[in-house]
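Take a look at the letters that make up each chain.
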Amino acid sequence: MMEKISLKEAERRAFTVSFQDGLLDIFIGCVVLEFAFAPLLSRNLGDFWSVAVFLPFFGLVYLVIRWVRKNVVKPRVGTVEFGAWRKARLMKFNVLMLAVLVLSLILGALSTVDLGLVSGWMIAARFSLVVLVLFSVSAYFLDVSRLYVYGVMAALSPMAGEWLYVNLKVPHHGFPVTFGLTAGIMIVTGVTLFVRLVRKHPIPPNDEVPSEVAAE
């Protein structure tokens, strides 16, 4: 029994370490950045296209991150092979992230429309609740505690933006300011983690790629 617990804990730690390259932070930051720029584009592109235009951008970021993970991260830290339980958990997370991306596009479009039915504070509160739940669930599935912090930051962004709009007359309900700052913090954190990993783990000599296997 003790051996089983030790192996499971070792697997959990290996899984957590696999997200210390900062690439997840960069991708999430790019998604959040949509909420900063979409309101600025809505006047010229319209509500739908100001959001839809980001789809190719997200696809490009995803492909670049995959390339970097394969050609930069993998030669330095190797790969981790997980057990069936963890793979199933990751599959659930992938479905969740797809839902997050779709929902972020919908919310981005709705944020540029003045529905006139409810107050800006109510819209911001609903937005904040959805964002907080999504980040919390992601943090739970990935065992990455800093995602809880990102969730709080992202959830506070629409409320802070509404305060800026009501009290300081900041345009677009303050989204370019608050979400821009939140996305910037995420991206900078990701870049910092990535640079730290590259410096700490130089490529092994003779093209020897390390490997690590963890199973439950």
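Residues numbered from 1 in each chain as written. Predicted model: local features only at pLDDT ≥ 70, side-chain atom pairs only at ≥ 80, totals over all residues. Heavy atoms only, no water.

1. Thoughts on the pattern of salt bridges
Applying the stated criterion to the full structure yields two salt bridges. Put simply, Asp 21 and Arg 69 hold a salt bridge, and the shortest N to O gap is 3.0 Å. In this pair, Asp 21 is assigned in the loop between α1 (2-17) and α2 (23-52) and Arg 69 in helix α3 (residues 54-77), connecting sequence segments 48 residues apart. The salt bridge partner of Asp 25 is Arg 146, with a shortest N-O separation of 2.6 Å. On the criterion of sequence distance, the pair formed by Asp 25 in helix α2 and Arg 146 in helix α6 (residues 146-168) is long-range, its members being 121 residues apart. Its relative accessible area of 1% is what places Asp 25 among the buried residues. (Salt bridge = Lys/Arg side-chain N within 4 Å of Asp/Glu carboxyl O. Helix = DSSP H or I, 4+ residues; strand = E, 2+ residues; numbered from the N terminus. Buried < 20%, exposed > 50% of the residue type's maximum accessible area, 1.4 Å probe, protein only.)

2. Description of the packing of helix α5 (residues 120-142) against α6
Contact geometry for α5 and α6: axes closest at 7 Å, N-to-C directions at 170°. The angle between α5 and α6 places the two elements in the roughly antiparallel class. Grouping the amino acids of the contact of α5 with α6 by side-chain chemistry returns 20 nonpolar, five polar and one charged. (Axes fitted to C-alpha atoms, helices over the stretch in contact; angles between N-to-C directions. Parallel < 35°, antiparallel > 145°, perpendicular 65-115°, else oblique. Nonpolar A, V, L, I, M, F, W, Y, C, P; charged D, E, K, R; others polar.)

3. Details of a nonpolar patch on the surface
The grouping of Phe 37, Leu 40, Leu 41, Leu 45 and Val 53 at the surface amounts to a nonpolar patch, some 390 Å² of accessible area in total. Relative to the elements of secondary structure, Leu 40 occurs in helix α2. (Patch = residues over 30% accessible without salt bridge, like charges linked within 9 Å, V, L, I, M, F, W, Y side chains within 5 Å. Areas by Shrake-Rupley, 256 points an atom, 1.4 Å probe, with all protein chains shown as cover.)

4. Thoughts on the packing of α6 against helix α7 (residues 175-200)
Where α6 contacts α7, the two axes come as close as 7 Å, and the packing angle between them is 160°. Between α6 and α7, the crossing angle belongs to the class labelled roughly antiparallel. Crossing geometry of α6 relative to α7 is assigned as right-handed. Along the contact surface, α6 presents Arg 146, Tyr 150, Met 153, Ala 154, Ser 157, Pro 158, Ala 160, Gly 161 and Leu 164, while α7 presents Phe 175, Val 177, Thr 178, Phe 179, Thr 182, Ile 185, Met 186, Thr 189 and Leu 193. Taken together, the residues that form the contact of α6 with α7 break down as twelve nonpolar, five polar and one charged. (Left-handed = near helix turned anticlockwise from the far one by under 90°. Contact = heavy atoms within 4.5 Å.)

5. Overview of the environment of Val 149
Here Val 149 is to be found in helix α6. What makes Val 149 partly exposed here is its relative accessible area of 48%. Sequence spacing of Val 149 and Leu 132 is 17 residues, and the spatial spacing of their C-alpha atoms is 9.6 Å.

6. Considerations on the environment of Arg 146
Accessibility expressed as a relative area gives 17% for Arg 146, which makes it buried. For Arg 146 and Ser 136, which are ten residues apart along the polypeptide, the C-alpha to C-alpha distance reads 9.9 Å. Every residue in contact with Arg 146, bar those within four places of it in the chain, is listed here: Phe 19, Gln 20, Asp 25 and Leu 193.

7. Some remarks on the packing of aromatic side chains
Using the criterion set out here, one finds seven aromatic pairs in the structure. For the ring pair Phe 57 and Phe 58, a centre distance of 6.0 Å and an interplane angle of 50° mean the geometry is tilted. The exposure class of Phe 58 is buried, given its relative accessible area of 3%. An aromatic cluster of three or more residues is present, and its members are Phe 35, Phe 127, Phe 175 and Phe 179. (Phe/Tyr/Trp six-rings, centres within 6.5 Å; stacked < 30°, edge-to-face > 60°.)

8. Quick notes on α6
Across its 23 residues, α6 extends 31 Å between first and last C-alpha, which sits within 8% of the 33 Å expected from 1.5 Å per residue. Of all the bends in α6, the greatest reaches close to 30° and is centred on Ser 157; the proline Pro 158 follows between one and four positions later. The complete set of buried residues in α6 reads Arg 146, Leu 147, Tyr 150, Gly 151, Met 153, Ala 154, Ala 155, Ser 157, Pro 158, Gly 161, Glu 162 and Leu 164. Once α6 ends, the next one or two residues include Lys 169, with phi positive near 60°. (Expected span 1.5 Å × (residues − 1). Bend = angle between axes of the 7 residues up to and from the residue.)

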